[in-house]
Amino acid sequence: MKNQEGQYFSPQQIPEALEILSKYGKEIKIIAGGSDLLVQYHDRLYEIAGWLDLKNLTELKKIELNSSEVSIGAMITHSQLEKSPQIKNYFPILSRAAAEIGSPQIRNRGTIGGNIVNASPAGDLLSPLIAYEAKLVLLSSDEKNIIPAEQFFTGPKKTILKPNQLLTQIILPLPPQNCYSSWVKVGKRKALAISTIALAMVVKMSEDNQIIQGAKVCLSSIAPTPLEIKEVREEMIGKTFSQVNFTKLAQLVEDKISPIDDIRGTKEYRKEVARRIMIHCLEEIYSCWRDKCLPIN
Amino acid sequence: MSKMYVGENIIKVDSKEKVIGKALYPDDLSFEGMLYLKIKRAVHPHAILRKLDISKAEKLPGIVKIITAADIPWVKNFGLIIKDQPVLIGIGQKMRYMGDALAIVIAENKEIASQALRLIEVEVEKLEVISDPIRAIEKDAPPIHNNGNILATHYLEKGNIEKGFAQADLIVDKEYRTSFLDHIPLQVESGLGVFDAKTEVITIWAATQWIHDTQADMAQALGLPKEKIRIIQPAIGGAFGKREDISVHLHLALAAMLTKRPVKLTYTREESMITQSKRHAFIVRAKTGATKTGYLTAWQVEVIGDTGAYASSGPAVVRKGLYHCTGPYNVPNVKGVAYTIYTNNTYAGAMRGFGTTQMAFAYESQMDILAFELGIDPVRFRLQNAYEIGSSTPNQQILNTSVGVKDTIQEAARMANWKEESR
Amino acid sequence: MSTHKLTIEFIINGQKRKIETTPFTRLLDLIRDDLHLTGTKEGCGKGECGACTIIMNHQLVASCLVLAPQADGAEIITIEGLGEKGKLDPIQEAFIETGAVQCGFCTPGMVLAAKKLLEENPHPNIEEIKRGISGNLCRCTGYKKIIEAINLAAKRLTQQLEEEKGKEKNV
Ligand SMILES: Cc1cc2nc3c(=O)[nH]c(=O)nc-3n(C[C@H](O)[C@H](O)[C@H](O)COP(=O)(O)OP(=O)(O)OC[C@H]3O[C@@H](n4cnc5c(N)ncnc54)[C@H](O)[C@@H]3O)c2cc1C
Ligand code: FES
Ligand code: FES
């Protein structure tokens, strides 16, 4: 495609994209699926000085698995996350969260990279990613940075991404054998609903599947950024399931969050629902664990 | 009775065009040399327009004309029942809600028109914004229209309400509130206008639910004889009451007249929500009396309908709601009053049910509460009070044919597997 | 900013097209205003209603959220591309017969969503149908008849397929 004015770039190679960013990063917009950008700039697209379209960067459209981690290209769509056997197998709630985003039309275009960089407090992939201890690869023509996902977000729609950086991959460490997870999204309807509140929980067990070795609970839509309730770790790690008090943990989650009132829900509603979905997630995880440990024969 | 249509599946005449995508809705039409309109809307829900500077916007290449109230001094207000809605707000006049139009921007393309909107500078003197009808009727509330904020009051009386309450063993007195609702027809307001310089006829292609009323209202607002206005209905794209009011029609007509070129105006969805009518938000205060044995003796209501900034069908909708205050239930003694109130909310008008839907929330809730308090199964309670042939409504109409409410309740209970509650 | 032109190429309803556009044009506007294929509708412009649904590169897409240049090299089907040789697609027929069309504004998008759904899942249950059309709003019908239509089309398409198989065997 010829483009005289330099308004629309669609490079085939990452280095070329990075070069464009180092030159024009401050003026132009990176566009992936466009499902956030075209809404934000509805009726005023003319205000945008130019585009860097990632659609031809095949490097960013891969899900790769090695012995210790899975790397997801930033251009992987929600539909692909939903259907990928690897994601379903190792990171089931990431797949589930992707399956509940928007509608088929949105899932087919919207990308994981866009969901992350858009940094909406209601971004549905963010909590599962943090709960699975994702790392983000930020690339510029000068350097490569790999940072834990939770360090990326600084506020609603605000991140540490620099104008010359591209998010290229999302790296997820392979979970241990005995890993359980649960996800609940609460919205006004089943489709096309931005989360009023959502909770992702990942529990990692010891090799003998008896002792809790890792526990991450992360919520969306209750704070300016996705928020991990770190206190849950202390309450769970080192214990067996029978030593964990679900009601107390759920109360802890309710107490630790300070959501705001907005069009999707009130503070009181969100606190109450947070407690209930925490119990729901604990119960789901517990019953998966129990089914695995005590097979019905 | 003939079984030709009722209960039979009739193929609609226009469904083929619609499934192949060939049916033409207003936004699908276009003309050679057509110009595009955008409307500069109010910047505050209640304010006096002090300054409207279009000079920067006019200079934008591609802008053909920007029409303000100063260009059309002959144009009059419009409205379905009361002509209280201005076509454009002029300097020194009041904007009463966010949908009021300040200027018509006419450009070679949509994009330039939207760009120009942002270049129009507006200065206003802000007034108190009244978003609550209860505030609107307080003595010190600023009047939104000259005659104050109570647009209409309707009364209803049947039997003797005091006697009715005296016969009651139980009285339930509650307040219900419903919210505004948008019809959201899937096609937003859209239309085209063409002015024939030879015949001086304006032709408008746009949806309306009252084609002749729209023609007459346009004619009186523009000061033209009706035969100079021709309206052609394209495929409509949903209405639900929202297309009873004039939307794009007058702005299109003026733009076509003043530019002598074909013009098109399509709202954005947000504009449609802000500008065009809503289902009325109601406050219903209902006091209902019943005997121990579960018969209704008295029903008193006060209805406050928020009609927003302009009358539209408001007085008729709120009155209709009042007349349906008891739902399909026999009540010998009824008394009611309904107020249609101006506020600075988006104006409310016709929407499916025309006031009765809001009332249903109130009267069915009353019925449930009464049944609960009396310890009577709610289905049985409804059945023993339901209309039948010969019943009289709150406005004392005698129902003499086709009264299906008992059958309906029974069928609904059957489908819901309702088991009589024994408490 | 908006006067910068670029040329893109794509296949739409089986036809190769080369067309000049701008980086700020939505694919929806290109389809409606430049190609005059007005069967694709705009109900919201923000991905919420599905009236602008097309099939792009074998996927259901909201064309209001795609930039025209993003469609360079794509294969696109709009409602005008359904059916063959003047014959309606069985899905279109089913929509007519079951009364799934009222104002018709949602219909093109809804039919395409149904098309995609039945391609991927020829025997959907009610829940799967609901999910398949969950990106398409209809304000008139209440969906019941649309779901009936998709069910009917699924049955007919299966029948058709079996008949074709039967014929093949006979040959
Ligand atoms: C109708 C509708 C419903 C929706 N429902 C949901 C929902 O249920 N849950 C939910 O979480 N979201 C929802 N969304 C939001 C949106 O679809 C997602 O956030 C999506 O993942 C965004 O991805 P995208 O590729 O479309 O982003 P784009 O719009 O292309 O980009 C978003 C932002 O990210 C930047 N960006 C994109 N990729 C990169 C990259 N690789 N490197 C650096 N910067 C990048 C862009 O510059 C832009 O600032 C919905 C959106 C719509 C329109
Ligand atoms: S117009 Fe694209 S989804 Fe509504
Ligand atoms: S038929 Fe009118 S929106 Fe579906």
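So, here is what we can say about the structure in this document. On a predicted model such as this, the values are computed, not experimentally measured, just so you know.

### Overview of the site of ligand 1
Close to ligand 1 lie 36 residues; I30(A), G33(A), S35(A), D36(A) and T111(A) are nearest. Residues near ligand 1 are shared among chains A and C, making this a multi-chain site. A distance of 2.7 Å separates an oxygen atom of ligand 1 from a polar atom in the backbone of G33(A). D124(A) places a main-chain nitrogen or oxygen 2.7 Å from an oxygen atom of ligand 1. Isolated, ligand 1 exposes 990 Å² of accessible area, and the fraction of that covered by the protein chains is 94%. Elements with a contribution of two residues or more to the shell around ligand 1: β2 (29-31), α2 (37-40), α7 (112-118) and β10 (166-173) of chain A. Broken down by element, the residue count for the shell around ligand 1 peaks at five residues, all from α7(A). Considered class by class, the residues forming the shell around ligand 1 number 18 nonpolar, 13 polar and five charged.

### Regarding the interface of chain C and chain A
At the junction of the two partners, chain C supplies 36 residues and chain A supplies 35 residues. It is F24(C), L65(C) and Q70(C) in chain C that bury the most area against chain A; as a group they hold 22% of the surface buried on that side. Across the chain C-chain A interface, the total number found is one salt bridge. As a salt-bridge pair, E82(A) and R131(C) come within 3.2 Å of each other at their nearest N and O atoms. Sorting the residues of the side of chain C that touches chain A by element identifies β1 (6-12), β3 (53-56), β4 (59-62) and α4 (126-132) of chain C as the ones contributing at least two each.

### Focus on the nonpolar core
With 70 residues, the main nonpolar core has I72(A), L94(A) and I116(A) as its most contacted residues. Other than its neighbours up to four places away in sequence, L94(A) contacts I72(A), L81(A), I87(A), L125(A), P128(A), L129(A), Y132(A) and L172(A).

### Things to note about the packing of aromatic side chains
Tallied over the full model, the rule gives 14 aromatic pairs over all chains. Centroid distance Y97(B) to Y310(B): 5.7 Å. Interplanar angle 75 degrees. Geometry classified as edge-to-face. Of the two residues, Y97(B) sits in the loop between β4 (94-95) and β5 (101-107) while Y310(B) sits in the loop between β14 (296-308) and α9 (314-323), which places them 213 residues apart along the sequence. A single burial state applies to Y97(B) and to Y310(B), both of which are buried. Three or more aromatic residues joined by ring pairs form one cluster here, namely F241(A), F246(A), Y286(A) and W289(A). The ring centre of Y267(B) lies 4.9 Å from the NZ or CZ of R41(B), which sits over that ring. Positioned above the aromatic ring of F165(B), the side-chain terminus of K287(B) is 4.5 Å from the ring centre.

### A look at unusual backbone geometry
Residues and elements named next belong to chain B. Within the chain, S312 stands out as a residue other than glycine whose phi angle is a positive 45 degrees. Looking at the secondary structure, you find S312 in the loop between β14 and α9. A relative accessible area of 2% places S312 in the buried class. Not every positive phi belongs to a glycine, and N417 is a case in point at roughly 55 degrees. In this fold, N417 is placed in the segment after α12 (405-415).

### Regarding the interface of chain B and chain A
If you look at the interface, chain B gives seven residues, while chain A gives five residues. In total, about 470 Å² of surface goes out of reach between chain B and chain A, with carbon and sulfur atoms giving 51% of it. One salt bridge in this structure joins K38(B) and D43(A), with 3.9 Å as the shortest N-O distance. Our count for the chain B to chain A interface comes out at one residue pair in polar contact (both at pLDDT 80 or more). Of all the elements, helix α3 (residues 110-119) of chain B adds the most residues to the side of chain B that touches chain A, at four residues.

### Topic: the environment of G148(B)
All names here are of chain B. Structurally, the position occupied by G148 is in the loop between α4 (133-136) and β7 (150-158). In sequence terms G148 and N400 are 252 residues apart; their C-alpha atoms lie 41 Å from each other. Ignoring any residue separated from it by four or fewer positions in sequence, one finds G148 in contact with P143 and Y342.

About the cut-offs
- Residues numbered from 1 in each chain as written.
- Chains lettered and ligands numbered in written order.
- Predicted model: local features only at pLDDT ≥ 70, side-chain atom pairs only at ≥ 80, totals over all residues.
- Heavy atoms only, no water.
- Near = heavy atom within 4 Å.
- Polar contact = N/O pair within 3.5 Å; in protein donor to acceptor, adjacent residues only side chain to side chain.
- Areas by Shrake-Rupley, 256 points an atom, 1.4 Å probe, with all protein chains shown as cover.
- Helix = DSSP H or I, 4+ residues; strand = E, 2+ residues; numbered from the N terminus.
- Nonpolar A, V, L, I, M, F, W, Y, C, P; charged D, E, K, R; others polar.
- Contact = heavy atoms within 4.5 Å.
- Buried area = accessible area lost by both parts, 1.4 Å probe.
- Salt bridge = Lys/Arg side-chain N within 4 Å of Asp/Glu carboxyl O.
- Core = buried A, V, L, I, M, F, W, Y, C linked by side-chain atoms within 4.5 Å.
- Buried < 20%, exposed > 50% of the residue type's maximum accessible area, 1.4 Å probe, protein only.
- Phe/Tyr/Trp six-rings, centres within 6.5 Å; stacked < 30°, edge-to-face > 60°.
- Lys NZ or Arg CZ within 6 Å of the ring centre and 35° of its normal.

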